[in-house]
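Working through the structure, step by step
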Amino acid sequence: MTLLMQGLVLASCLFVIGLLGVMVRRNLFFLLLSLMVMNNGAIVALAFAGSYWHLFDGQLISILAMCVALAQAGVGLALLTRIFYRRKTLNIDSLSDMKG
Amino acid sequence: MNLLYLIIAVPLFSFLLLTFIGRHIRLGHGIVIGIGTVIAMALITVFVCIDYNTNTFPDTSLDYYRFLWNWISVGNFVIPIALSLDGLSLTFIILIVFFATILYFFAQTYLISPQDIYTFYAYSNLLIASMLTIILADNLLVVLLGWEGVSLSTYLLVGIYYKRLRNSYAAVKTFIMMHFTDLFLIIGIFMLYNELGTLNIRDLLATAHDNLAIDSDIVFWTTLMLFLGAIGKAGLFPMHMWFVETTLAPMPAVALMQSSTVILSGIYLVLRLSNLFMMSTDVLFFMAVMASLTIIFASTISLVQHDVKRIVTYLNLGQVSYLFLSCATQNWELSLSFLINYTMTSALLILSSSILIKMNNGERDIRRLGGLFKESKGLYICFLFIGMSISALPLISFSFYIKGDIIWGLINQGKLGPGAIGLLGILISTLSISRLIFVTFHNKSKIKSFAKINPIKYALLLMLALFTTALFLYFPLPIEGIIPITDLNTNGQLPFQFLLASVTLLGILIAYIFYVHPNNEIQDIANTPIVKFFIRLCANEWKIEYLWKKTFVQIYLYSANLLKKDPLGVWDSWIIWGIRKINSYIVRLENGQLRSYTVSIVIGSIIMLMLLIFI
């Protein structure tokens, strides 16, 4: 019980740190890193929940989620390079053309 | 008689034909259509007359009734379109078709430009179709339909020369005046329906006779409203403006409107509902007052006008009022006889003066006319007949007996004021028609060349002139059982006829002194301030037009100006202002910054989570 509580606190700490990073940072690279941190928070929560109920499903899904996070990082990095080629900057605010 | 509906359908169809294809066909074809219509109508009328004379039943007032179709049918409220013909309608149909025939042939020689001819034929066809609808309808709502048709076609006829701005204004004025008075008629009809529950004229008169008390409030108000509606068409004093504006139309149209159609619709309504009008003595007295006002008004103005057309118009207006004087004495048969005399005289007067104007090459100011006596004896004879009829010349003129009976009836009933004004009206109209004749025929000629006129026209006019003589006195009219006949008290009528004769002769004498041999004393009288004031007042037509402008038109324009900013619409603009304000705040949130969107999403989801957890 105590293990689960501490694990969930750790997971939500990671998630909130990642979220704040997404909201605050302007650099696209650090945005990607913050997203990774958020993902990791979710994965940690999955792993703790799986071990708490003695089910392997949670840990399997956490491995799956890690793969997804990696794929996501790959896609993110590809987009990052495209944006860097096009704009010569990694500032996310230079992309705020959505106003319409 | 089963073809009676054609008498309305033919002119209506001809109107549509001429309006739609009139401008694409040649002049000759337009004339053929117009004249063909009127000949068809005349033939139908002749057949109807023959039928009527062979099929009369002595004791039935309803002679012919034909149901065509139901116009409105809602529960118990059924308005059929049906034709009903009796002696009164037949008299009116004969009058209208007779004059239409004469005027259509006259217009063909009088009007010049092809466009004028076909528009005249088209609009006159509409006018005649709506008149015949009024006369043949057996239902007040159908009468109203024809009534509006008359308003519309009068507007169109006055505006034939619509390219001159003055004429367009006059046409609009006519339309507004007529529709203003139509309102009273509509109110009257609704009041009748509310009270009696039927709109069929025959049932309505019967129920009114049985159910309503004489001189009750409801009778007074309904008859007053119907009378106000009728004088809108008949052109009595406050509503005479359209009658004067008709002078701007071409002469055949003037004759059609002033003598034989529009005026007749007003009189017809009063005669048709005479049983109802008899039940309200107050309205009859009001009628006498309005008629005598109109007599004074019209005859004094005709005395000082210089335009021939306007003199003629005001003379006719004065004659119309005698019709209502005779209605006011409840002597309906007499008013019908006088109506026939009036239509003959006024048509003759208008046609003769149109020939007079044409001879003088369009000059209408009588100060510049003169010396026609040597030029045209035929026209002179026509004008003598007119003068005889208008001034009620003793013994030989039709109107001497009729007008004598009207005024004698007024005096017999104790209405001395209207009676005296009737006599005064005869004196003044004698003066003004004598003035017209003396000035245009006997004064020195100021125009060198006169246009030649075809003598066949005089034959036509002299045929009309025969009807104004006493030959046709007491011609039997088929009105038994339709309008009530009252006997006139003949006791002491002979001295009165002497009085009337002396009034007429006095008028001619004064006119002779004034206009043929004016000497210095006459000039002195004419130059006194009070006479000058009166002359100026009458020359300005009693400033009625000015009064209308000051009271109605200016008040209307002022209130329209006030309402232009739409004071009730302020609330709308406040609402719009509030929405704009809120909008400007919300729009600022949409700034295109992805991160601020993320922040708002996060804040939103946190609030949602909080709500889920704590509530």
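Residues numbered from 1 in each chain as written. Chains lettered and ligands numbered in written order. Predicted model: local features only at pLDDT ≥ 70, side-chain atom pairs only at ≥ 80, totals over all residues. Heavy atoms only, no water.

A few words on the overall build of chain A. Each helix and strand in chain A was counted, giving 3 helices and 0 strands. For chain A, the sequential pattern of α-helices and β-strands runs α-α-α. Scaling as 2.2 N^0.38, a compact globule of 100 residues should have a C-alpha radius of gyration of about 13 Å, whereas chain A reaches 17 Å, well beyond that. Oriented by its inertia axes, the alpha-carbon framework of chain A measures out at about 50 × 25 × 25 Å. (Helix = DSSP H or I, 4+ residues; strand = E, 2+ residues; numbered from the N terminus. Rg over C-alpha atoms; globule rule 2.2 N^0.38 Å.)

Right, let's talk about the layout of surface pockets for a bit. Residues and elements named next belong to chain B. In this structure, the largest pocket occupies an estimated 1,100 Å³ of space. Lining the largest pocket are 28 residues, and of these Leu303, Val304, Phe514, Tyr515 and Ile535 sit closest to its centre. Among the elements of the structure, α13 (281–304), α19 (416–442), α21 (493–516), α22 (520–527) and α23 (529–539) are those that each provide at least two residues to the lining of the largest pocket. With 6 residues, α23 is the largest single contributor of residues to the lining of the largest pocket. Tallied by class, residues from the lining of the largest pocket come to 20 nonpolar, 5 polar and 3 charged. Lining the second largest pocket we find 31 residues, and of these Ser337, Ile340, Phe475, Pro476 and Leu477 sit closest to its centre. Taken together, the elements giving at least two residues each to the lining of the second largest pocket come down to α2 (27–54), α3 (87–110), α15 (332–359) and α18 (398–412). (1 Å grid on protein atoms, 1.4 Å probe; cavity = no way out; pocket = protein on both sides within 12 Å on 5 of 7 lines; lining within 4 Å. Points joined across faces, edges and corners; volume = space filled by probe spheres on them. Nonpolar A, V, L, I, M, F, W, Y, C, P; charged D, E, K, R; others polar.)

Right, let's get into empty space enclosed by the protein. All names here are of chain B. Per the stated rule, a full pass over the model turns up 2 cavities of 30 Å³ or more. By volume, the largest cavity amounts to about 70 Å³. Lining the largest cavity, in full, are Lys173, His240, Met241, Val244, Glu245, Phe297, Arg310, Tyr314, Glu541, Ile544 and Glu545. Listing elements by their share of the lining of the largest cavity, those giving two or more residues are α9 (241–245), α14 (308–328) and α24 (544–563). Considering every element that reaches the lining of the largest cavity, the biggest residue donor is α9, with 3 residues. Of the residues that constitute the lining of the largest cavity, the class distribution is 5 nonpolar, 1 polar and 5 charged.

This brings us to the nonpolar core. Soluble, globular proteins show a tendency: their nonpolar side chains are buried together. By size, the foremost hydrophobic cluster in this structure holds 194 residues, and its most contacted members are Ile7(B) and Phe324(B). No other element matches the 17 residues that α15(B) contributes to this core. Apart from the residues lying within four places of it in its own chain, the contact partners of Ile7(B) are Met41(B), Ile44(B), Thr45(B), Ile93(B), Val97(B), Leu132(B) and Leu136(B). Of all hydrophobic cores here, the second largest spans 11 residues; its members include Leu32(A), Leu80(A), Ile92(A) and Val602(B). (Core = buried A, V, L, I, M, F, W, Y, C linked by side-chain atoms within 4.5 Å. Buried < 20%, exposed > 50% of the residue type's maximum accessible area, 1.4 Å probe, protein only. Contact = heavy atoms within 4.5 Å.)

With that settled, the discussion passes to helix α17 (residues 377–390) of chain B. Residue and element names in this part refer to chain B. With 14 residues, α17 extends 20 Å from end C-alpha to end C-alpha; this agrees with the ideal 20 Å at 1.5 Å per step. Burial of α17 is extensive: 10 of the 14 residues sit out of reach of the surface. By the burial criterion, the buried members of α17 are Gly378, Leu379, Tyr380, Cys382, Phe383, Ile386, Gly387, Met388, Ser389 and Ile390. Along its buried surface, α17 packs onto α14, α15, α16 (372–375), α18, α19 and α20 (456–466). Two or three places before Leu379, at the start of α17, stands the capping residue Ser376, its side-chain oxygen 3.3 Å from that residue's backbone nitrogen. Once α17 finishes, Ala392 follows within two positions and takes phi at roughly 55°, a positive value. (Expected span 1.5 Å × (residues − 1). Polar contact = N/O pair within 3.5 Å; in protein donor to acceptor, adjacent residues only side chain to side chain.)

Glancing now at a nonpolar patch on the surface. A cluster of nonpolar side chains, Ile603(B), Ile606(B), Ile607(B), Leu609(B), Met610(B), Leu611(B), Leu612(B), Ile613(B), Phe614(B) and Ile615(B), forms an exposed patch at the surface whose accessible area comes to about 1,100 Å². Inspection of the secondary structure puts Leu609(B) in helix α26 (residues 594–614). (Patch = residues over 30% accessible without salt bridge, like charges linked within 9 Å, V, L, I, M, F, W, Y side chains within 5 Å. Areas by Shrake-Rupley, 256 points an atom, 1.4 Å probe, with all protein chains shown as cover. Salt bridge = Lys/Arg side-chain N within 4 Å of Asp/Glu carboxyl O.)

All names here are of chain B. Put simply, α22 and α23 touch, their axes get as near as 5 Å, and they point 70° apart. The angle between the axes of α22 and α23 places the two elements in the roughly perpendicular class. Only Pro529, Val531 and Lys532 of α23 make contact with α22, whose side of the interface consists of Ile525, Ala526 and Asn527. Split into classes, the residues belonging to the contact of α22 with α23 amount to 4 nonpolar, 1 polar and 1 charged. (Axes fitted to C-alpha atoms, helices over the stretch in contact; angles between N-to-C directions. Parallel < 35°, antiparallel > 145°, perpendicular 65-115°, else oblique.)

With that out of the way, let us pick up the pairing of strand β2 (residues 77–85) of chain B. Residues and elements named next belong to chain B. Among the 9 residues in β2, 7 count as buried, and that is most of the element. The pairing of strand β1 (residues 64–74) with β2 spans 9 bridges and is antiparallel. By the bridge assignment for β2, Asn70 is matched with Pro80. Connecting β1 to the antiparallel partner β2 that follows it, the hairpin turn spans 2 residues, and Gly75 within it adopts a positive phi of roughly 60°. (Pairing = 2+ DSSP bridges.)

Let us look at the pattern of salt bridges. Residues and elements named next belong to chain B. In total, this model carries 11 salt bridges over all chains according to the counting rule given. A salt bridge links Glu245 to Arg166, with the shortest nitrogen-to-oxygen separation between them at 3.8 Å. Within this pair, whereas Glu245 is found in helix α9, its partner Arg166 is found in helix α6 (residues 165–196), the two being separated by 79 residues in sequence. By sharing partners, the salt bridges in this structure join Arg166, Lys173, Glu245 and Glu545 into a single network.

Let us now look at the side chain of Ser280(B). Residue and element names in this part refer to chain B. Within the element layout of this structure, Ser280 appears in the loop between α12 (274–277) and α13. What makes Ser280 buried here is its relative accessible area of 1%. Once you skip the residues sitting within four places of it in the chain, Ser280 turns out to touch Asp215, Val219, Phe220 and Thr223.

Next up on the list: the side chain of Ser14(B). All names here are of chain B. One can find Ser14 in helix α1 (residues 6–21). Engagement of the side chain of Ser14 in a polar contact is seen with the side chain of Asn125, the distance being 2.7 Å. Setting aside its immediate chain neighbours within four residues, Ser14 contacts Ile33, Thr37 and Asn125.

On to the packing of aromatic side chains. A ring pair, where both rings are aromatic, is described by two values, the distance of the centres and the angle of the planes. Residue and element names in this part refer to chain B. Applying the stated rule across the entire model yields 28 aromatic pairs over all chains. Residues Phe220 and Trp221 carry aromatic rings whose centres are separated by 5.2 Å and whose planes lie at 70° to one another, so their mutual orientation is edge-to-face. By relative accessible area, which is 23% here, Phe220 ends up partly exposed. The interplanar angle of 90° and the centroid separation of 5.1 Å between the aromatic rings of Phe297 and Trp542 together place this pair among those described as edge-to-face. With Phe297 in helix α13 and Trp542 in the loop between α23 and α24, the pair connects residues that are 245 residues apart, well separated along the chain. (Phe/Tyr/Trp six-rings, centres within 6.5 Å; stacked < 30°, edge-to-face > 60°.)

With that settled, the discussion passes to α20(B). An α-helical turn contains 3.6 residues, so any two residues separated by three or four positions project in the same direction. Residues and elements named next belong to chain B. Regarding α20, the residues found buried are Lys457, Tyr458, Leu461, Leu464 and Ala465. Seen from one end, α20 has its buried residues packed into an arc of 115°, which puts them on one side. Contacts from the buried residues of α20 go to α3, α15 and α17. (Arc of directions from axis to C-beta.)

The subject of this paragraph is unusual backbone geometry. Residue and element names in this part refer to chain B. Unlike most non-glycine residues, Asn361 shows phi in positive territory, near 55°. By secondary structure assignment, the location of Asn361 is in the loop between α15 and α16. For Ala392, which is not glycine, the phi torsion reads 55° and is therefore positive.

Moving on to the confidence of the model for chain B. Residue and element names in this part refer to chain B. With 98% of its residues at a pLDDT of 70 or more, chain B has an overall mean of 86. No element of chain B has a lower mean pLDDT than α16, at 78, and none a higher one than helix α5 (residues 140–158), at 92. Interface confidence in the predicted complex, given as ipTM, is 0.76; pTM for the same model is 0.78. (pLDDT = per-residue confidence, 0-100.)

Moving on: the packing of helix α8 (residues 217–234) of chain B against helix α11 (residues 262–272) of chain B. All names here are of chain B. Between α8 and α11, the least distance of the axes is 7 Å, while the angle of their chain directions is 160°. Taken together, α8 and α11 sit at an angle that is classed as roughly antiparallel. As for how α8 packs across α11, the hand of that crossing is left-handed. Mapping the contact onto sequence places Leu226, Ala230, Lys233 and Ala234 in α8 and Val262, Ile263, Ser265, Gly266, Leu269 and Val270 in α11. (Left-handed = near helix turned anticlockwise from the far one by under 90°.)

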